[in-house]
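# Secondary and tertiary structure notes
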Amino acid sequence: MRDGSRPQPQRLSRAAALALLPLGGMLAAAVPLPGKGATITVTVTELRNAKGIVRACMTMDEDKFPRCRGVAGAHGATARAREGGVSFTFEGVQPGRYAIALLHDENGNGKADRALGMMPKEGFGFSRDAKVRMGPPKFSDAAFDIGAEDRALAIRMRYML
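From a predicted model like this one, the values you see are computed outputs, not experimental measurements. (Residues numbered from 1 in each chain as written. Predicted model: local features only at pLDDT ≥ 70, side-chain atom pairs only at ≥ 80, totals over all residues. Heavy atoms only, no water.)

## Thoughts on the packing of aromatic side chains
How two aromatic rings sit relative to each other is given by the distance of their centres and the angle of their planes. Enumeration over the complete set of coordinates arrives at 3 aromatic pairs. Residues Phe65 and Phe139 carry aromatic rings whose centres are separated by 5.9 Å and whose planes lie at 85° to one another, so their mutual orientation is edge-to-face. Of this pair, Phe65 sits in the loop between strand E2 (53-59) and strand E3 (75-80) while Phe139 sits in helix H2 (residues 139-142), and the two are 74 residues apart along the sequence. Its relative accessible area of 9% is what places Phe65 among the buried residues. The class of Phe139 is buried, set by a relative accessible area of 7%. An aromatic cluster is defined as three or more aromatic residues linked by ring pairs; in this entry it consists of Phe65, Phe124, Phe126 and Phe139. (Phe/Tyr/Trp six-rings, centres within 6.5 Å; stacked < 30°, edge-to-face > 60°. Helix = DSSP H or I, 4+ residues; strand = E, 2+ residues; numbered from the N terminus. Buried < 20%, exposed > 50% of the residue type's maximum accessible area, 1.4 Å probe, protein only.)

The structure is reproduced here in structure tokens:
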């Protein structure tokens, strides 16, 4: 434009704009939203009964593991126990290194009951099937990495008594 005026943007006809709407919707669905986080699905297997609830804690806090209460950024969930197993879904999980701890709170009292002050009376489980020796496993034994993609994990419930 030699006369100093600015070029006008081209406009689509109404019919062309309407024709492109389905394509725009497909593109939006295919591109993940920044900062949305991953969806982590945890399947808990080998519950011995349908009593009480199953509590799950997923945390990045190495010092607080296996606890969730009052831990910033931790993901906690509960589900009614079902014979065989239950599932949990954690949404919006940001990339990082996490560990999961499970408790089958059979009497629903909100804590891990113990016999003789040490031995768990109720079921427990940890990501990566981390072994329990004289207390819960270290964070590093249960830790796994989460990226931007959704992920599914299975954790086996274990019982000592």
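## Concerning unusual backbone geometry
Following Phe65, the chain continues into Pro66 via a peptide bond in cis, with omega recorded as 10°. By the element assignment, Pro66 lies in the loop between E2 and E3. Despite not being glycine, Glu46 shows a phi value in the positive range, around 65°. Note on placement: Glu46 falls in strand E1 (residues 38-47). In this structure, Asp129 is a non-glycine residue whose phi angle is positive, near 50°. If you trace the backbone, Asp129 turns up in the loop between strand E8 (123-126) and H2. Exposure remark for Asp129: the relative accessible area of 28% places this residue in the partly exposed category.

## A closer look at the layout of surface pockets
Looking at the largest pocket, its volume works out to about 880 Å³. Forming the boundary of the largest pocket are 31 residues, of which Pro66, Arg67, Leu103, Ala112 and Arg114 lie nearest the centre. Where the lining of the largest pocket is concerned, the elements lending two or more residues are E2, E3, strand E5 (96-105), strand E7 (119-120) and E8. Taken together, the residues that form the lining of the largest pocket break down as 18 nonpolar, 5 polar and 8 charged. (1 Å grid on protein atoms, 1.4 Å probe; cavity = no way out; pocket = protein on both sides within 12 Å on 5 of 7 lines; lining within 4 Å. Points joined across faces, edges and corners; volume = space filled by probe spheres on them. Nonpolar A, V, L, I, M, F, W, Y, C, P; charged D, E, K, R; others polar.)

## Overview of a nonpolar patch on the surface
Together, Met118, Met119, Met134, Met160 and Leu161 give the surface a local cluster of nonpolar side chains, amounting to about 570 Å² of exposed area. Take Leu161: it is sitting in the segment after strand E10 (151-156). (Patch = residues over 30% accessible without salt bridge, like charges linked within 9 Å, V, L, I, M, F, W, Y side chains within 5 Å. Areas by Shrake-Rupley, 256 points an atom, 1.4 Å probe, with all protein chains shown as cover. Salt bridge = Lys/Arg side-chain N within 4 Å of Asp/Glu carboxyl O.)

## Let's talk about the pattern of salt bridges
Under the counting rule described, the total for this entry stands at 6 salt bridges. As a salt-bridge pair, Asp105 and Arg55 come within 3.3 Å of each other at their nearest N and O atoms. Remark: Arg55 occurs in strand E2 and Asp105 occurs in strand E5; sequence separation between them is 50 residues. Here Arg97 ties to Asp145 by a salt bridge, and the two come within 3.0 Å at their closest N and O atoms. Linking Arg97 in strand E5 with Asp145 in strand E9 (residues 144-146), this pair joins segments that are 48 residues apart in sequence. The partly exposed category is assigned to Arg97, whose relative accessible area is 37%. Note on Asp145: relative accessible area 46%, which makes it partly exposed.

## Details of the sheet that holds E10
What the 3 strands build is an open sheet, ordered E4-E1-E10; its pairing is mixed. Edge strands, defined here as strands with exactly one partner in the open sheet, are strand E4 (84-93) and E10. In this sheet, neighbouring strand axes are inclined to one another by 20° on average, regardless of whether the strands run parallel or antiparallel. Judged from the 6 bridges that link them, E1 and E10 form a sheet pairing that is parallel. In the sheet register, Thr43 faces E10, and the bridge partner there is Ala154. (Pairing = 2+ DSSP bridges. Axes fitted to C-alpha atoms, helices over the stretch in contact; angles between N-to-C directions.)

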